[in-house]
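# Descriptive analysis of the structure
As a plain string of letters, each chain reads:
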Amino acid sequence: MRWLFSLVVVALLAAVQAVSFTGKRLLVVLDEASEKEKYSVFLGDLEGRGFHVTTESPKSDSLSLFRHGERAYDHVVLLPAKSKGLGPALTANLILDFLKKEGNILLALSSESATPTSVQSLLLELDIHIPSDKGALVVDHFNYDSSSASEKHDVLLLPYPTNLKSGVKNYFGGDGYIAVPRAVGQTLGNESPLLAPILRAPSTAYSYNPKDEADTVEDPFATGSQLNLVSAVQAHNSARLAVLGSAEILQNAWFAEKATLAGKDIKTANRDFAEKLSSWTFKETGVLKVGKLIHYLDEGVSKKLNSSVAVPENNPKIYRIKQDVAFQVEISEYSNTHLTPFVPADGDSIQLEFSMLSPFHRLDLTPISQTANSTIFGVSFKTPDQHGIFNFHVKYNRPFLTNIEEKRQVTVRHFAHDEWPRSWQISGAWVWIGGIWVTVLGWVAFVGLWLYSAPTEKSIKKTQ
Amino acid sequence: MPPKQRTPSSQPAPSSTSTPSKPTSSKAASNSMDAQAIATDIWNKYVDKTPQRVKLLDSFLAFLVVVGVLQFVYCVIVGNFPFNAFLSGFSATVGQFVLTASLRIQTNPENKSEFESISHERAFADFVFGSLLLHFFCVNFIN
């Protein structure tokens, strides 16, 4: 009986193999049913990871991102459509509203069809710029696939992206080459901190429109690594939007294709890259979760954080100035199927601010211990010499990781009257203690003399 | 009393008016002689005419001035580190001086006309009460 039960458990575990942290309702917007065949492996992979895939045409009447004012889907894949517009259900405003409600979008562009106006204005709103003319694509005369694009050089073969910069985790790394056929290059605006490039074009690439009849490219849209082939937006509410320059990356035809790079036969790794990109976009990776957050008066004994949900945080409401305080926070990272202990990238650390309007302390949190699915970070410090209402504030915004912002408010009071050192413990005060007691003793002596000398007053009065 | 006091102080005045005819050096000498004479005269008058209780009050006031000056000079030279200690020590002395000066005004026989409604016993009781309050505050403040 027991073996049967464990078998059932194993079977159930296998069924929920991988699923997004936020939900599994996935909408694929696709122009024609025949197009679906081209993406069958990608969509099959998504279903295999636990998503409930719904395919809709942009022209369909039943298509709506919202139902009763709430998201009808958790994630959307927008594949390029032949038609110029995407219809009333997918205007730029509606797509932005979907992002505001924490929906995630994978947006694929194609140079073969014109970018719909709603997508154009959506990208403009997000400060991502694409070439305005239809058919503009990215070419590279050095990193092209010589077996399929020996003439046009418009199928790029690129290694997996490396770290965006030091201190940032890489969720898109791997071994092999990604084929990027006929991509629409994007440039990112400088002002927005929400934008991050995922896959940059090599320095020898440039974007141009092959329909221009000129022999030389006079004024390319963008060149080199300022061109992005895949870029990402993560909003303040951690909603994610990935812009894929070439929808063909997701097509079966390029998932494991033989290609030739500079005379060398290679196999494209698009299937793996598509999985990494979609699992990041749909919050299967790079999702942070804050568990418990405790702080207590540090009296030399380190308390152990109990990560059980049943035990409340039960933090003190008040501290005194110049007291030793310890702080601990539990952070997990969701990784495909389950929560794992979060480890920040090398050279990066989570920081705690102890702030009243402005931070009085900004301290690096160090990992203290790990549980099965979380890391406990902690730091000890002395409360500043300033009373008032303070916040324990953990704010951690990094590219490709969901944002953390946690606050716990405490009062920091000043010394109570009986908490100061007594006057005689401060040797500098001895002189003035002496001053007081000399005055008091002199007064006592004076009062005694005054009372003693009372009769003489009468004699003086008599003489007067 | 006031008329009596005026007569001795008016005595040296004629001698000083006769000096302008003399040279300046002897004038200074005679001036210092006169000043000394005035001082001793005032001192003698004070010793003779002042009631004993007022003398007692004056000596206590002088004592408080000395203690207060010592504390202040120490603060200026060494620094005011436990500032509350300096404040309470110094203000104990200054406050005691003020209270004692009030007692002196109220019990001085010369001011009898102004304080007829307040008996000496009442003034002394006020003084003791005020002083005890002051000492309590100062000891409390220095902690």
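All of the points below concern the structure found in this document. This structure is a prediction, so every number in the text was calculated from the model and none was measured.

A tally of helices and strands in chain A yields 8 helices and 27 strands. For chain A, the residues scored as buried account for 49% of the 464 residues in total. A sequence separation of at least 24 residues applies to 72% of the contacts in chain A between residues at least 6 apart. Entry remark: accessible area of chain A is about 23100 Å², with carbon and sulfur atoms responsible for 54%.

Structurally, A:P88 can be placed in the loop between β5 (75–78) and α4 (92–100). Sequence separation between A:P88 and A:P58 is 30 residues; the distance between their C-alpha atoms is 8.6 Å.

Within the structure shown, the criterion is met by 32 aromatic pairs over all chains. On the numbers, 5.1 Å between centres and 75° between planes, the contact of A:F360 with A:F390 is edge-to-face. A residue pair is termed long-range when its members are at least 10 positions apart, and A:F360 in strand β23 (residues 358–364) and A:F390 in strand β26 (residues 388–396) qualify at 30 residues. Its relative accessible area of 0% is what places A:F390 among the buried residues. Arranged with centres 5.9 Å apart and planes meeting at 25°, the rings of B:W43 and B:Y46 form a pair that is stacked. With B:W43 and B:Y46 both in helix α3 (residues 24–49) and 3 residues apart, this pair spans about one turn of that helix. Residue B:W43 is classed as exposed on the basis of its relative accessible area of 54%. A residue is classified by how much of its surface remains accessible, and B:Y46, at 25% relative accessible area, is partly exposed. Three or more aromatic residues link up through ring pairs in this structure, and these residues are A:Y319, A:F327, A:F354, A:F360, A:F381, A:F390 and A:F392.

All right, on to the side chain of A:R240 then. Residues and elements named next belong to chain A. Examined against the element boundaries, R240 turns out to sit in strand β15 (residues 240–244). Although R240 is buried, it forms no salt bridge, and the closest oppositely charged side chain is E333 at an N-O distance of 7.9 Å. In this structure the side chain of R240 is engaged in a polar contact, spanning 2.8 Å, whose partner is the side chain of Q234.

This part covers unusual backbone geometry. Residues and elements named next belong to chain A. A positive phi is found at D127, a non-glycine position, where the angle reads about 70°. Looking at the element boundaries, D127 is found in the loop between α5 (117–125) and β7 (128–129). The backbone phi angle of N336 is positive, close to 65°, even though this residue is not glycine. Within the element layout of this structure, N336 appears in the loop between β20 (324–335) and β21 (338–341).

Turning our eyes to something else, we now look at the pairing of strand β8 (residues 137–140) of chain A. Residues and elements named next belong to chain A. Here β8 shows two buried faces, one formed by L137 and V139 and the other by V138 and D140. Of the pairings in the sheet, the one linking β8 to strand β13 (residues 205–208) comprises 4 bridges and is antiparallel in character. If you follow V139 over to β13, its bridge partner there is Y206.

Bringing the sheet that holds β26(A) into the picture now. All names here are of chain A. Within the open sheet, the 5 strands sit side by side as β19-β27-β26-β22-β23. Their pairing is mixed. Of all the strands in the sheet, the pair left with one neighbour each is β19 (318–320) and β23. Adjacent strand axes in the sheet meet at a mean angle of 30° when their direction is disregarded. The sheet contact formed by strand β22 (residues 351–356) and β23 spans 6 bridges and is antiparallel. Looking across to β23, one finds that M356 is bridged to S358.

About the criteria used
Every chain is numbered independently, its residues counted from 1 as its sequence is written. Chain letters and ligand numbers both follow the written order, the letters beginning at A and the numbers at 1. Restriction of local features to residues with pLDDT of at least 70 applies here, the model being predicted, together with a cutoff of 80 or more for giving and counting side-chain atom pairs; totals for whole chains, interfaces and linings are based on all residues. Water and hydrogen atoms were dropped before computing side-chain values, which therefore reflect all heavy atoms in the structure. The numbering of helices and of strands both runs from the N terminus, where a helix is a DSSP run of H or I of at least 4 residues and a strand a run of E of at least 2. Summary of the burial criterion: residues with accessible area below 20% of their type's maximum are buried, those above 50% are exposed, and those between are partly exposed, where the area comes from a 1.4 Å probe applied to protein chains only. Whether two residues are in contact is decided by their heavy atoms, any of which lying within 4.5 Å being enough. Where accessible areas are quoted, they stem from the Shrake-Rupley method and a 1.4 Å probe; at the residue level, only the protein chains shown are allowed to cover. The rule is short: rings of Phe, Tyr and Trp, with Trp giving its six-membered ring, pair when the centres are within 6.5 Å, and they are stacked under 30 degrees, edge-to-face over 60, tilted in between. When charges are counted, Lys and Arg are positive and Asp and Glu negative, with His and the chain ends excluded. Within this document, salt bridges are pairs made up of a side-chain nitrogen of Lys or Arg and a carboxyl oxygen of Asp or Glu, the two lying within 4 Å of each other. Nitrogen and oxygen atoms within 3.5 Å of one another constitute a polar contact, given that in protein one can donate a hydrogen and the other can accept it, and given that sequence-neighbouring residues count only through two side-chain atoms. Strands are treated as partners if at least two bridges between them are detected by DSSP. Only the stretch in contact is used when a helix axis is fitted, and all axes are lines through C-alpha atoms; the angle between N-to-C directions ranges over 0 to 180 degrees.

The analysis is restricted to geometry; functional conclusions fall outside its scope.
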